[in-house]
Amino acid sequence: MPAYIIARSHLKDSSEESKRGMQEYVEAYLRVVEDHPHTHLAQGVVAEVLEGEPREGAYFIQEFPSKEAALEFYHSPEYQKAVAIRQRHSVTEMILVDGAFEYQAD
């Protein structure tokens with residue numbers, strides 16, 4: 001059953017150092033993620049808010065074949081090195097959503 005990593009991220013500041021740091025993160029991320037089965041579903045900085053308040057940042061959605069595969073990617077030592085780079089230069093919210101859905105009306 002698929003699982004989805006959904007993230008929203010924005011730079012801590014607009015300095016060249018932060019921009020270079022995020023480029024370093026992206027390069028490290030791309031090297032790591034290619035070794036993990038996944039599909040990039042969406043990425044963008046323009047999001048239409050349907051409910052709630054608009055929030056700054058870029059949005060990312062990735063599909064993994066399972067929750068275990070997503071967690072294996074996220075917790076891999078290689079990706080955690082990339083995370084450390086990202087955390088120095090951006091503020092990120094990231095969630096893991098299990099693809100299982102069964103609606104039950106009360």
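As shown above, the structure is provided for reference.
What counts and how
- Residues numbered from 1 in each chain as written.
- Predicted model: local features only at pLDDT ≥ 70, side-chain atom pairs only at ≥ 80, totals over all residues.
- Heavy atoms only, no water.
- Helix = DSSP H or I, 4+ residues; strand = E, 2+ residues; numbered from the N terminus.
- Expected span 1.5 Å × (residues − 1).
- Buried < 20%, exposed > 50% of the residue type's maximum accessible area, 1.4 Å probe, protein only.
- Arc of directions from axis to C-beta.
- Contact = heavy atoms within 4.5 Å.
- Pairing = 2+ DSSP bridges.
- Axes fitted to C-alpha atoms, helices over the stretch in contact; angles between N-to-C directions.

### A short note on helix H1 (residues 16-33)
Part 1 of the reasoning: Here H1 is 18 residues long and its end C-alpha atoms lie 25 Å apart, about the 26 Å a rise of 1.5 Å per residue gives.
Part 2 of the reasoning: Of the residues making up H1, those classed as buried are Ser18, Gly21, Met22, Tyr25, Ala28, Tyr29, Val32 and Val33. Axial view of H1: buried residues confined to an arc of 125°, hence all on one face. H1 presents Arg20 and Arg31 as exposed residues on the side facing more than 90 degrees away from its buried surface.
Part 3 of the reasoning: Next to the buried residues of H1 lie strand S1 (3-11), strand S2 (39-44), strand S3 (58-64), helix H2 (67-75), helix H3 (77-89) and strand S4 (90-98).

### Notes on the sheet that holds S3
Part 1 of the reasoning: Pairing is antiparallel in the open sheet, where 4 strands are placed in the order S2-S3-S1-S4. The open sheet has two edge strands with one neighbour each: S2 and S4. Taken pair by pair, the neighbouring strands of this sheet meet at an average axis angle of 15°, ignoring direction.
Part 2 of the reasoning: Both S1 and S3 contribute to a ladder of 7 bridges, which runs antiparallel. Bridging across to S3, Ser9 finds its partner in Ala58.
Part 3 of the reasoning: Where H1 meets the sheet, it contacts S1, S2, S3 and S4, and its direction lies at approximately 165° from that of S1.

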